[in-house]
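# Fold and contact review
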Amino acid sequence: MKGSSVKIVFDILFVLCLLFVRSASADVPKRIYLALWDGCEEACRGFKDYLQAERANVILIERNAGKDPDRIAGFVEEIKASSPDLLVTWGTYLTLKTVGTEKEALQARFSVGVPTVFMVVSQPVESGLVSALVSQGRNMTGVPNLVPVSEQLQAARQFLPFKRLALIYNPAEVNATVAAAQVKKYAALMDFEVIDKPLLTRGEDQADSNAVANAVAEAAQKKADLIYLGPDAFMNVQRDILTETATSFGIPVFSAAEGAVRNGGALFAYVNRYYTVGRFAGVKALKILRNKVPAYDIPIETPQRGVYVVNMTAATQLKTYPPLSFVQATDFVNIPDNQ
Amino acid sequence: MRSFSFFHAVGLCALWCIAVLIYVGRAFVMYDIAVTGLNETRAKAALSGLRTFLQSEMDKGSDLIQLGGIRDRLLLFVRQDSDVESVLVFDNRTGKILFGSQSLQTGTPVPEKWRQKCDGQGTFFLEDNQDGPFFEGKKEKRIIGTPIYNAFNEKTGCVVAEYRSDTLTTVRNRMAETSFATTLKLLLIGLACLLSVIASVRFREKFPLKKKEKAVAVSLLLLAFLSLIPMTLGNMKSVFESDMKPVISGKAKIILSLLREPTEKAVAAGVPLADINGAESFFEQIRKNNPEILFVLLTDKSGRVLHEAGSAAEAFFADKLTGKVSLREGYFSAAEPVRLNEDTVGWIQIGVNERFVRENRF
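Below is a summary of the structure that appears in this document. Note that the structure is predicted; figures quoted are calculated from it, not measured.

## Some points on the overall build of chain B
Each helix and strand in chain B was counted, giving seven helices and eleven strands. For 362 residues, the compact-globule estimate of 2.2 N^0.38 gives 21 Å, and the C-alpha radius of gyration of chain B, at 28 Å, exceeds that figure by more than 25%. By principal-axis analysis of the C-alpha atoms, chain B measures approximately 95 × 55 × 30 Å. Going through the 362 residues of chain B one by one, you find that 46% of them count as buried. Considering only contacts within chain B whose residues lie at least 6 apart along the sequence, 62% involve residues at least 24 apart. Once the 47 positive and 41 negative side-chain charges of chain B are each reduced to a mean point, those two points are 10 Å apart.

Pasting the structure below:
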């Protein structure tokens, strides 16, 4: 009798211990390793704001590469040593250098063994990070920053009903050729004609900058209604030549990124704001940490609503203005001074 | 006619009463549905406009709580509609008010059922209430709310407006009075017809008229009474339409503000009024969603029409002698200036067909 009482007391103590351990483990803050390329900018701010708004019990281990690729190896070692609960990466380059492509994932230097959420990766499939946006095998999810090409084209068409779209790009760049191929794929579906103008390459990856103006002139000859400026590092450098020549021919330029609209002469872009991308990455991070959803079960997706960015200086020169129904959702930039 | 008895008279009276009650009752219901519809679509249109504004601001890169200048926008919302008591935006996570037209509301938790309704299905939620923390005084009020979504389709908050329902009640009461008066008039007309028939049968010996002359006299008398029926019914509809005016003008004001806001934003960004792109299709979409609107015009400040949707010509007529253009009876027109830096650069004008119930339902 005495022995059974002692056993009951021990059982109760055991159950209480279990409950204590369980509640204590629930209260332990989760550690997020936040690897940044160039400091905490808009996407990072959005990510942090979301966690704060959700009162997430997390400890952020923030590391900034400061645009120095050599620092990334140190991040990988630190991640392996500290085993955080989640890794969050910013940008295509840093993400690839931290977790590698899907093919490289099994190599020792990339096996960080931590669920990963990436943000601001323009083309996760094309860059080899994952094989697909859904049902992919890596313990990873994320938020690309580029609006899918199909949505970009739909947005461009609602703004300006074009029949002939000129593609001027550097064929030596993977991002640019992938985007060009996607535009061509949707041309038949959306019933428009593509005026394909890959630039002549000089050397391995350098296109001839003089070719840009010539390509625009040829597109104008073929009566292009709109020029598509895709994710293309070379064209981004040459964008002033492109937009100035295009404007002289009266052809508007639609850009995949807002930089060419905000700081250049492109007419408009349909983009996801980095802040929104960061917040969406926060949603995915909490699904992993709070709801225990495996990262590979969370789709890689962009936000569902983008923003039109319209360069009013270019719009005034071209006399092409956004439709009234979009005005409320439009961010007008470079408004001429006389307004 | 000789077999016309008291029972026939009672039967005819009863049938007439039933016919009158059915017709007037149906008319009242039709107009009441229209008034309720106008009132509800006005609130929903205004709230949709506010929601679009909040979502667009969030899409530009901020959280709901971080948005600036929202209180001014909410105060404008209250000023635009005399039936709006207050409007507020609450956070869906915490249930606390983030912004409110009444500054004291900020930080206060909203009733739990609002959060539940905001979390539920549907674009709008409605609630009739007379008491609770947000219902001061004894006026009847109605709550209409709509969820606010962020760019990744997550409900982040809700915008809720409190509407006084006394305007609607007043309109309904007036319409009920009109229905009652019309019913009485029609019953009296029926009674007069019946009495004239009875008199012609009962006192036929006292009238020294031939049979044919007597029939003509009775027919003329009946015709005179019967001709009062369409006049009375037409008058009832006109009075109903007149009763509806406060609701029609209230909605017109909201629609004008929904048209003016993007137009002013475009003009402020440097789009010339005449070159506004897609104005006609935007106006047409507004007309499609609000079938009582006959036309939408965007004019320059001198009144020259730059963009038009619908048929304005139908609502106006020009005096042959003076050439002065006036609005036809049965149409309502309202206009608001399009301003740029306090200067009027143009006008938005809408025309409403006040007889839309009569034309569509009868």
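## Topic: the nonpolar core
Soluble globular proteins tend to pack their nonpolar side chains together in the buried interior. Formed by 111 residues in total, the largest nonpolar core has its most connected members in Leu153 and Phe268 of chain A together with Leu54, Phe77, Met244, Leu259 and Phe283 of chain B. Setting aside residues up to four positions removed in sequence, phenylalanine 283 of chain B forms contacts with Leu324 of chain A together with Leu259, Val296, Leu298, His307 and Ala309 of chain B. If you look at the next biggest cluster of nonpolar residues, it comprises 45 residues, including Ile32, Ile79, Val130 and Ile300 of chain A.

## Regarding the packing of helix H3 (residues 70–82) of chain A against helix H4 (residues 92–99) of chain A
Residues and elements named next belong to chain A. At a minimum axis separation of 9 Å, H3 and H4 run at an interaxial angle of 50°. The angle between H3 and H4 places the two elements in the oblique class. Here the hand of the crossing between H3 and H4 comes out right-handed. For the pair H3 and H4, contact is made by Ile72, Phe75, Val76 and Ile79 and by Tyr93, Leu94, Lys97 and Thr98, respectively.

## What about the state of the cysteines?
With the rule as written, the count across this model stands at two disulfides over all chains. Residue cysteine 40 of chain A pairs covalently with cysteine 44 of chain A via a disulfide, S to S 1.9 Å. Residues cysteine 40 of chain A and cysteine 44 of chain A are joined through a disulfide that is left-handed, its torsion about the S-S bond being -90°. The class of cysteine 40 of chain A is partly exposed, set by a relative accessible area of 36%. Linked covalently through their sulfurs, cysteine 118 of chain B and cysteine 158 of chain B form a disulfide whose S-S length is 2.2 Å.

## Quick notes on the sheet that holds strand S14 (residues 330–333) of chain A
Residues and elements named next belong to chain A. Read across the open sheet, the seven strands follow the order S7-S6-S10-S11-S12-S13-S14; overall the sheet is mixed. Each having just a single partner strand, strand S7 (193–198) and S14 make up the two edges of the open sheet. Direction aside, the axes of adjacent strands within the sheet are offset by 25° on average. Alignment of strand S12 (residues 268–271) against strand S13 (residues 307–311), held across four bridges, turns out to be antiparallel.

## Some words on the interface of chain A and chain B
Taken together, the 35 residues of chain A in the interface contact 37 residues of chain B. Both sides of the chain A and chain B interface together cover about 2900 Å² of buried area, and 55% of this is carbon and sulfur. Its largest share of buried area at the contact with chain B, chain A owes to Arg305, Leu324 and Gln328 of chain A, together 29% of the area lost on that side. Across the chain A-chain B interface, the total number found is three salt bridges. Residue aspartate 63 of chain B is joined to arginine 279 of chain A by a salt bridge in which the shortest nitrogen-to-oxygen separation is 3.2 Å. The set of elements that each furnish at least two residues to the side of chain A that touches chain B consists of helix H2 (42–53), helix H11 (274–289) and S14 of chain A. A breakdown of the residues in the side of chain A that touches chain B according to their chemical character gives 18 nonpolar, seven polar and ten charged.

Cut-offs and rules
Residues numbered from 1 in each chain as written. Chains lettered and ligands numbered in written order. Predicted model: local features only at pLDDT ≥ 70, side-chain atom pairs only at ≥ 80, totals over all residues. Heavy atoms only, no water. Helix = DSSP H or I, 4+ residues; strand = E, 2+ residues; numbered from the N terminus. Rg over C-alpha atoms; globule rule 2.2 N^0.38 Å. Buried < 20%, exposed > 50% of the residue type's maximum accessible area, 1.4 Å probe, protein only. Contact = heavy atoms within 4.5 Å. Lys, Arg positive; Asp, Glu negative; His and termini not counted. Charge placed at Lys NZ, Arg CZ, Asp CG, Glu CD. Core = buried A, V, L, I, M, F, W, Y, C linked by side-chain atoms within 4.5 Å. Axes fitted to C-alpha atoms, helices over the stretch in contact; angles between N-to-C directions. Parallel < 35°, antiparallel > 145°, perpendicular 65-115°, else oblique. Left-handed = near helix turned anticlockwise from the far one by under 90°. Disulfide = S-S within 2.5 Å. Pairing = 2+ DSSP bridges. Buried area = accessible area lost by both parts, 1.4 Å probe. Salt bridge = Lys/Arg side-chain N within 4 Å of Asp/Glu carboxyl O. Nonpolar A, V, L, I, M, F, W, Y, C, P; charged D, E, K, R; others polar.

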